[in-house]
Amino acid sequence: MARALVVQLAPNVWRIPLVRDFVNGFILRDDDGQVTLVDMGVKSSGPKVMAALAVIGSAPSDVTRLLLTHAHPDHAGGAAHVARETGRAFTLHHDDAAYANEGSSPPRDRSFLLGRLVDRFSRAGRDFEPVPVEHEMTDGEVLPIAGGLRVVHTPGHSPGHVSLLHEDSRLLITGDAIFNVRGLRWPVKSFCTDFRMTQRTAHLLGDLDYDVAAFTHGPELRDRPREAIRTFLARHPAD
Ligand SMILES: [Zn+2]
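Thresholds, definitions, all that
- Residues numbered from 1 in each chain as written.
- Predicted model: local features only at pLDDT ≥ 70, side-chain atom pairs only at ≥ 80, totals over all residues.
- Heavy atoms only, no water.
- Helix = DSSP H or I, 4+ residues; strand = E, 2+ residues; numbered from the N terminus.
- Rg over C-alpha atoms; globule rule 2.2 N^0.38 Å.
- Contact = heavy atoms within 4.5 Å.
- Areas by Shrake-Rupley, 256 points an atom, 1.4 Å probe, with all protein chains shown as cover.
- Lys, Arg positive; Asp, Glu negative; His and termini not counted.
- Charge placed at Lys NZ, Arg CZ, Asp CG, Glu CD.
- Donors = N, O, S within 2.8 Å, 3.2 Å for Na, K, Ca; no water.
- Tetrahedral: all angles 85-135°; square planar, octahedral: opposite > 155°, others 65-115°.
- Pairing = 2+ DSSP bridges.
- Axes fitted to C-alpha atoms, helices over the stretch in contact; angles between N-to-C directions.
- Phe/Tyr/Trp six-rings, centres within 6.5 Å; stacked < 30°, edge-to-face > 60°.
- Buried < 20%, exposed > 50% of the residue type's maximum accessible area, 1.4 Å probe, protein only.
- Parallel < 35°, antiparallel > 145°, perpendicular 65-115°, else oblique.
- Nonpolar A, V, L, I, M, F, W, Y, C, P; charged D, E, K, R; others polar.
- Core = buried A, V, L, I, M, F, W, Y, C linked by side-chain atoms within 4.5 Å.

Turning our eyes to something else, we now look at the overall build of the chain. Counting secondary structure elements, the chain contains seven helices and 14 strands. Rg of the C-alpha trace for the chain: 16 Å, near the compact-globule value of 18 Å for 239 residues, within the 12% margin. When contacts within the chain are restricted to residue pairs at least 6 apart in sequence, those whose partners lie at least 24 apart make up 61%. Of the roughly 10,300 Å² of accessible surface on the chain, a fraction of 52% belongs to carbon and sulfur atoms. One way to put it: in the chain the 27 positive side-chain charges average out to a point 8 Å from where the 30 negative ones average out.

Here we take up the coordination of the zinc ion. Coordination angles at a metal have ideal targets, namely 109.5 degrees for four tetrahedral donors and 90 or 180 degrees for six octahedral donors. The zinc ion binds to the protein through Asp74 (OD), His75 (NE2), Asp176 (OD) and His217 (NE2), with metal-donor distances spanning 2.0 to 2.5 Å. For the zinc ion, the four donor atoms are set out with angles of 85 to 160° between them, so the coordination reads as irregular. Positions of the donor residues of the zinc ion along the chain correspond to the pattern D-H-x100-D-x40-H. Highlighted residues: His75 in helix H2 (residues 73–76) and His217 in the loop between strand S14 (212–214) and helix H7 (225–235), separated in sequence by 142 residues.

Another point: the sheet that holds strand S5 (residues 63–67). If you walk across this open sheet you meet the seven strands as S1-S2-S3-S4-S5-S6-S7, and the pairing is mixed. The sheet terminates laterally at strand S1 (7–10) and strand S7 (133–137), the two strands that pair on one side only. The mean angle between the axes of side-by-side strands here comes to 25°, regardless of whether they run parallel or antiparallel. Sheet topology places S1 next to strand S2 (residues 13–19); three bridges connect them, and they run antiparallel. Looking at the pairing, Gln8 lines up with Trp14 of S2. Of the strands in this sheet, S2, strand S3 (23–29), strand S4 (35–38) and S5 are in contact with helix H1 (residues 46–55), which crosses S2 at around 145°. Helix H4 (residues 94–102) contacts strand S6 (90–93) and S7 of the sheet and is inclined by roughly 130° relative to S6.

Here the focus is the packing of aromatic side chains. Tallied over the entire structure, the rule returns two aromatic pairs. An angle of 85° between the planes, with centres 6.3 Å apart, marks the rings of Trp186 and Phe195 as edge-to-face. Neither residue differs from the other here; Trp186 and Phe195 are each classed as buried. Here the aromatic cluster, defined as three or more aromatic residues joined through ring pairs, consists of Trp186, Phe195 and Phe232.

Take the packing of H1 against helix H3 (residues 79–86) next. Running from N to C, H1 and H3 cross one another at 45°; their axes reach a closest spacing of 7 Å. Considering the angle they form, H1 stands oblique to H3. Here H1 contributes Gly46, Pro47, Val49 and Met50 to the contact with H3, which in turn contributes His81, Val82, Glu85 and Thr86. Of the residues in the contact of H1 with H3, the class split is four nonpolar, three polar and one charged.

The next subject is the nonpolar core. Of all hydrophobic cores here, the largest spans 28 residues; its most connected members are Ile27, Leu37, Met40, Phe90 and Val131. Of all elements in the fold, only S2, S3, S4, H1, S5, H3, S6 and H4 reach the threshold of two or more residues within this core. Take this core: its biggest share by element is four residues, from H1. Once residues within four sequence positions are removed from consideration, Leu37 is found in contact with Phe26, Ile27, Val49, Leu53, Val63, Arg65, Leu66, Leu67 and Val82. In this structure, Val7, Leu67, Met137 and Val212 belong to the second largest nonpolar core, which totals 20 residues.

Quick look at the structure:
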């Protein structure tokens, strides 16, 4: 059976399963046809992002904005390809912008052995092709995308990690603040810059208002997602 190239989440919002449901990107389309792409998956995902665009009937020239939730290789890996294909540059939070531009991941949490090892390993070279950056977003900013896309800075997983709230469709993109892989769970500790901060800032997501929770890792929740996330957070209080 062919896998879906896009999953519609709201009238103007789609998820792009880039590595099955494990790694996702997103498309938001304005009423005038302008397209915003969010997260570009791993290195081989770039062509899949472009194919998804064709599936919804949009052209590369319709793409006016490119966003990254953070500068990790499973989100920024396909970014340089998409930048070339669309002729656009990226918007991401100030605290991850320099990393994206260098093609390197922010530091890993060195309080975990694996984090120390991975950190030492990856410091040696590039993690992904450098990403052109044109705008640095800030916490609370409402980007003029599909009626307004609110930036919620949720640092910890990386310094400039953000979640995104689309108020028109009442849809939250969590980013890597919380995964939905075989149930709600934390991102892998050793891949966070500061795991405890990841846990603390994820609690911001329990206070927002939304009817669909979309995850960069795992399928969306459409059935009372806010309650599910609040329950998860209540079971995993921040230190
Ligand atoms: Zn990730």
